[in-house]
Structure formats: C-alpha cells, structure tokens
Amino acid sequence: MAALWQTDQPMTARQAWIEKRRQMEAAIFHPLGRELWRQATTRSLMAVAWAGLGVLGLRRRGIRNAYAIETRRVEFCYPDLAPGLDGLRILHLSDLHLDMLPHSAKRIAKRLAGIEADLAVITGDFRWRHRRPVSPEDLAAIAGAVRAPLGLFAILGNHDDHGLVPRLEGLGARVLLNESVTLAWRETPLRLTGLDTVFGLPGREARAALVPAPGVFSIALVHEPQHRALAAGQGYDLYLCGHTHGGQICLPGERPIVTGTRFKRAPTAGAWELGTMRGYTSRGAGVSGLPVRYHSQGEVTVITLRRG
Ligand SMILES: [Fe+2]
C-alpha cells in the first residue's frame, strides 16, 4: 500500500505503551484476575443460552444469519468539508471475531472483493478467544482483500492483545496505539487518531491522544461508542466504533437485548451525531459469544464524506 503518513508519536513512546499494555494484559488474565472469572461466568451463560436455542430449534437460522454479512453505504455531509475530501470513501470494518465461525475470514474477504475505498479502518476485535492467536491465514485473507490507496489502519479491541500489532503490521496495516497519523488526500490533510482503550478503559494515554487539530478533518477510531464525548469535546469530526455488534441477538425491529456498552445511551448501531461530530457504530462483521444473529445483520460499511 502506498500510504503516505506521518505519526505524532515517537517510536520509544509506542514501545513503552506496548510494554505497559503487555503488563496490563498479564494482570487482567492472571489466574486470579477478574477477567478469567468473568469469562468463565459468560461461558456458562452462553452454554445455557445455546441449549435454549437448540430446544427452540433456532440454531440453524441464527448461524445462517451470522454468515449473512451486508455492505452498508452511508454518506456524512459536512458544510465546511475541505473540497479535496468531498467524496472520500472510508471502508469501516469492526468486530471480525475471526475464530468464532469456520471460514468467516473467507466470507468477509468475499464481501470485500467488490468494494473500492480510499481509506480502510478496522475498529478492533479480530478474535473472540483471548488465549488463542488469530490464524495467520485469516488475517492475511482480510488484509489482502482490502483495497484502499490511503492504507489500512486498525486499533485493538477488548478481545485483542499486543501480539496482534506486529502481525497486522507485517501484513501492511498500521495499528494506532493512542496516536495520530496525518494523511494527505488530494493535497488535503486528514488526521486519524486511534485509541487503545484496553478492555474498554480510556486510560490517561488514550485521553491524551485526543488532541484538537483546528482546520484538519479529524477521525477518531475507538473500539467502544461510549467514549464519544471525549472526542467530540476535542473537536473531532468523525468517530468510528463497533463493540456492540448491533446487539447481535435482538428482538424484532433491531431492539438489542445486550449491547456490552454498560451505558444504555451509547448508540448501538448505525449513524449518529453528537454536537457537530458525526459517528458510526458498526454492527460488526463477526459475532461473539454465540455463533448466531437474530434481527441484527453483520456488516461492512462504506462511509462517504460529502461537502454540503
Ligand atoms: Fe466484538
């Protein structure tokens, strides 16, 4: 990929953050740590729910729904958008959870095959199981299917670990770890800031990464939607996130039962606004917990910026 970008973070700071993240992961996944106990509880609840779906005869339909990923196209209009960015297409992927469904990477790659974009972003959750790395073939299938001349940029989600960073970067993606990059598109600057909200917590480093850049269109990549006020307060123009899976298992009318955001007012799916900032919460291309979807379709999204 021929992306030309500049980062605002020295490599030493990046390495220091990766080391700090590694230590946080070790503490969280310590055998006596809260996360392993929480996951054990979740797995027990999932087993009960899976049994219930079997009794109701809904499993097969739910799995079929989970594989049925759609391409959604959205336009965001900005009155003051620089003319050079008018028409910029951003491919937004999120919550791939490539280890949940067999062959899901191939299915997602197939969905991406006909999509042309200028810039591509992935807002975290490449895997579901915390203890297992994503298969190299699956990662390569996704990275290889993305066509975007400005490059592929990613952040980590609450299911990912620091080990994913060199693997993604070896495939040509750039992982943003509480840092910004400035791109140039038709001689117009465009800034991307990626937060690393380890397990949903926007720590000091993540908050410090959100810095105003007056006059430069700025996009915040954050795994969860509930930190959107932090970005809006710093003048960001666009906030791209996922994490909720659009509810994944919903009542008719896409009414989610569980969203994983802890904040009921967080937008769980689709386009939204907060002040002058626009945002999009992806329903995700994959599933987690249970390999099913009901009344909530997985997606890959193409967002087009418009002046007007
Ligand atoms: Fe997820």
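Please refer to the structure higher up on the page.
> Just to check I follow, could you spell out the overall build of the protein chain for this structure?
The helix and strand tally for the protein chain stands at eight helices and 15 strands. On C-alpha atoms alone, the protein chain measures out to a radius of gyration of 19 Å, which is about the 19 Å that the 2.2 N^0.38 rule sets for 308 residues. Overall, the C-alpha framework of the protein chain stretches about 60 × 40 × 35 Å when taken along its three principal axes. Every one of the 308 residues in the protein chain was classed for burial, and the buried ones make up 44%. Taking all contacts inside the protein chain whose residues are at least 6 apart in sequence as the whole, residues at least 24 apart take part in 72%.

> Just to check I follow, could you spell out the nonpolar core for this structure?
It is characteristic of soluble globular proteins that their nonpolar side chains tend to be buried jointly. Ranked by internal contacts, the top residues of the largest apolar core, which has 62 residues, are Val-121, Ala-154, Val-175, Ala-220, Leu-221 and Tyr-239. In this structure, Ile-249, Cys-250, Val-292 and Tyr-294 belong to the second largest nonpolar core, which totals seven residues.

> What am I meant to see in the sheet that holds strand β2 (residues 70-78) here?
Sheet strands line up and pair through hydrogen bonds in the backbone, either parallel or antiparallel. Strand order in the open sheet formed by six strands is β2-β15-β3-β4-β5-β6, and the pairing between neighbours is mixed. Strands at the two margins of the open sheet, each flanked by one partner only, are β2 and β6 (174-175). Across four bridges, the pairing between strand β3 (residues 89-93) and strand β4 (residues 119-123) is parallel. Bridge pairing links His-92 to Val-121 in β4.

> Would you mind showing me how to read the pairing of strand β10 (residues 238-241) here?
Side-chain positions along a regular strand alternate between the two faces of the sheet. Side chains of β10 alternate between two faces, with Leu-238 and Leu-240 and Tyr-239 and Cys-241 buried alike. In terms of strand pairing, strand β9 (residues 217-221) meets β10 through three bridges, oriented parallel. For Leu-221, the partnering residue across the bridge sits in β10 and is Leu-240. Considered for its hand, the β-α-β crossover made up of β9, helix α8 (residues 228-233) and β10 is right-handed.

> Help me out: how do you make sense of the packing of helix α4 (residues 104-112) against helix α5 (residues 136-145) in this one?
Geometrically, a packed helix pair is captured by the angle between its two axes and the distance between the axes. α5 packs onto α4 with a crossing angle of 5° between their chain directions and a minimal axis gap of 9 Å. If you check the angle between α4 and α5, you find them roughly parallel. Between α4, through Ala-105, Lys-106, Ile-108, Ala-109 and Leu-112, and α5, the contact on the second element is made entirely by Asp-138, Ala-141, Ile-142 and Ala-145. Tallied by class, residues from the contact of α4 with α5 come to seven nonpolar, no polar and two charged.

> It is not clear to me how the environment of Arg-59 should be interpreted in this structure. Could you clarify?
With respect to the helices, strands and loops of the structure, Arg-59 is situated in helix α3 (residues 59-67). The exposure class of Arg-59 is partly exposed, given the 16 C-beta atoms found within 10 Å. Separated by 166 residues in sequence, Arg-59 and Pro-225 have C-alpha atoms that sit 29 Å apart. Once residues lying within four places of it in the same chain are set aside, the contact partners of Arg-59 are Leu-53, Gly-54 and Val-292.

> I tried to follow the environment of Gly-57 on my own but got confused; where do I start?
As for its placement among the helices and strands, Gly-57 is situated in the loop between α2 (34-56) and α3. In this structure, the C-alpha to C-alpha distance between Gly-57 and Val-300, residues 243 residues apart in sequence, is 28 Å.

> In this structure, what is going on with the environment of Ile-257? I would like to understand it.
Structurally, Ile-257 is set in the loop between β12 (255-256) and β13 (270-274). In this structure, the C-alpha to C-alpha distance between Ile-257 and Gly-247, residues 10 residues apart in sequence, is 6.4 Å.

> Would you mind showing me how to read unusual backbone geometry here?
For residues other than glycine, phi is negative in most cases, and the peptide bonds are mostly trans. At Glu-187, a position not held by glycine, the phi torsion is positive, near 60°. You can see Glu-187 is positioned in the loop between β7 (179-185) and β8 (188-194). Take Glu-187: there are 7 C-beta atoms within 10 Å of it, and that puts it in the exposed class. One non-glycine residue, Gln-248, adopts positive backbone phi at about 65°. Turning to its location among the elements, Gln-248 is positioned in the loop between β10 and β11 (250-251).

> Would you mind showing me how to read α4 here?
Taken as a whole, α4 has its buried residues at Ser-104, Ala-105, Ile-108 and Leu-112. Viewed end-on, α4 has its buried residues packed into an arc of 100°, placing them on one side of the element. The inward-facing, buried residues of α4 contact α5 and β15 (299-307).

Parameters and conventions
- For every chain, the first residue of the written sequence is number 1, and numbering continues from 1 onward in sequence order.
- Where totals are concerned, whole chains, interfaces and linings use all residues; where local detail is concerned, this predicted model gives features only for residues with pLDDT of at least 70, and gives and counts side-chain atom pairs only at 80 or more.
- What counts as a helix is a DSSP run of H or I of at least four residues, what counts as a strand is a run of E of at least two, and both are numbered from the N terminus.
- Note that the radius of gyration is over C-alpha atoms, with the globule rule given as 2.2 Å times the number of residues to the power 0.38.
- Whether a residue is buried, exposed or partly exposed is read from the other C-beta atoms within 10 Å of its own C-beta, which are placed from the backbone; 20 or more gives buried, 12 or fewer gives exposed, and intermediate counts give partly exposed.
- Here, residue contact means that the backbone-derived C-beta atoms of the two residues sit within 7 Å.
- Nonpolar cores are built from buried Ala, Val, Leu, Ile, Met, Phe, Trp, Tyr and Cys residues. These are joined into a set through C-beta atoms within 7 Å.
- Note on pairing: DSSP must find at least two bridges between two strands before they are called paired.
- Here the term right-handed applies to a crossover when the path leading from its first strand over the helix to its second strand runs clockwise, the strands being oriented away from the viewer.
- Only the stretch in contact is used when fitting a helix axis, every axis being a line fitted to C-alpha atoms; angles between N-to-C directions are given from 0 to 180 degrees.
- Geometric relationships in this document are graded by angle, where less than 35 degrees denotes roughly parallel, more than 145 denotes roughly antiparallel, 65 to 115 denotes roughly perpendicular, and other angles denote oblique.
- As a working rule, the residues Ala, Val, Leu, Ile, Met, Phe, Trp, Tyr, Cys and Pro are called nonpolar, Asp, Glu, Lys and Arg charged, and the rest polar, with Gly in that last group.
- The arc refers to the directions leading from the helix axis to the C-beta atoms.

Any functional reading would require information that these geometric values do not contain.
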